[in-house]
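Examining the three-dimensional arrangement
So you can see what is in the structure, the chains are spelled out below.
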Amino acid sequence: RRLENSWQAAQSLYMDCLQQTTTSHNLTLSRATELFRIQDCTEYAAAFPSHKDWQYLRFVEEEHKCAGWCSFGRKLWTDGEGTDSCSTAVAQVLRSKVRRPAQQVVALSALALIGSAVGLVAVAPTLHLVFDW
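Throughout what follows, the structure given in this document is the object of discussion. What you see is a predicted model; the values in this text were computed from it and never measured.

Conventions used here
- Residues numbered from 1 in each chain as written.
- Predicted model: local features only at pLDDT ≥ 70, side-chain atom pairs only at ≥ 80, totals over all residues.
- Heavy atoms only, no water.
- Axes fitted to C-alpha atoms, helices over the stretch in contact; angles between N-to-C directions.
- Helix = DSSP H or I, 4+ residues; strand = E, 2+ residues; numbered from the N terminus.
- Parallel < 35°, antiparallel > 145°, perpendicular 65-115°, else oblique.
- Contact = heavy atoms within 4.5 Å.
- Nonpolar A, V, L, I, M, F, W, Y, C, P; charged D, E, K, R; others polar.
- Core = buried A, V, L, I, M, F, W, Y, C linked by side-chain atoms within 4.5 Å.
- Buried < 20%, exposed > 50% of the residue type's maximum accessible area, 1.4 Å probe, protein only.
- Phe/Tyr/Trp six-rings, centres within 6.5 Å; stacked < 30°, edge-to-face > 60°.
- Patch = residues over 30% accessible without salt bridge, like charges linked within 9 Å, V, L, I, M, F, W, Y side chains within 5 Å.
- Areas by Shrake-Rupley, 256 points an atom, 1.4 Å probe, with all protein chains shown as cover.
- Salt bridge = Lys/Arg side-chain N within 4 Å of Asp/Glu carboxyl O.

The next thing to look at is the packing of helix α1 (residues 2-25) against helix α4 (residues 53-64). Closest axis-to-axis distance for the α1/α4 pair is 10 Å, and the angle between their directions is 85 degrees. Relative to α4, α1 is oriented roughly perpendicular. Together, Arg2, Leu3, Ser6, Trp7, Ala9, Ala10 and Leu13 of α1 and Asp53, Trp54, Tyr56 and Leu57 of α4 make up the contact between the two elements. Of the residues belonging to the contact of α1 with α4, the class tally is eight nonpolar, one polar and two charged.

Here is the structure:
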């Protein structure tokens, strides 16, 4: 939810900036959107220090060609069309990078458990002779 709130704050700043730009430069909103990105807005530099998530959101938007966070939205930092919401893009990356190592950990843990159980069963008669139970 924190990233969605940060993205909403960035979108709000961007839309306010575009409204001011359309008025001052006599542009349509769609033309201003083509020409200007959020980092071009003068308010961006002042707002950036209090929104540390913007750096991550910009990276994800650039790296994965996505737009919006929780739901598909407008690209704020880069040009072009987005393919999906950025949370979906990040989830797909995590799924593809984490699934195999996680499966390996589970499989090795199961093998270790089974191996330990078999070893204890095999050694149990010997332990019975050594220890007086």
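Once you've had a look at it, read on.
Glancing now at the nonpolar core. Grouped together as the largest cluster of nonpolar side chains are 22 residues, with contacts concentrated most on Ile38, Trp54, Trp69 and Trp77. Going through the elements one at a time, α1, α3 (42-47), α4 and α5 (86-130) are the ones with two or more residues in this core. Here tryptophan 69 is in contact with Leu3, Glu4, Trp7, Tyr56, Leu57, Val60, Ser85, Cys86, Ser87 and Val90, once residues within four sequence places are set aside.

With that settled, the discussion passes to the packing of aromatic side chains. Counted under the stated rule, the structure contains three aromatic pairs. Measuring from ring centre to ring centre gives 5.5 Å for tyrosine 44 and tryptophan 54, while their planes differ by 10 degrees; the resulting arrangement is stacked. Placement of tyrosine 44 in helix α3 and of tryptophan 54 in helix α4 is noted, with a sequence separation of 10 residues between them. A relative accessible area of 9% places tyrosine 44 in the buried class. Taken together, the ring pairs connect Tyr44, Phe48 and Trp54 into an aromatic cluster.

Taken together, Leu129, Val130 and Phe131 make up a surface patch of nonpolar side chains, about 360 Å² in accessible area. With respect to the helices, strands and loops of the structure, valine 130 is situated in helix α5.

Turning to its location among the elements, threonine 21 is positioned in helix α1. Its relative accessible area of 10% is what places threonine 21 among the buried residues.

Shape is all these values report; function is a separate question.
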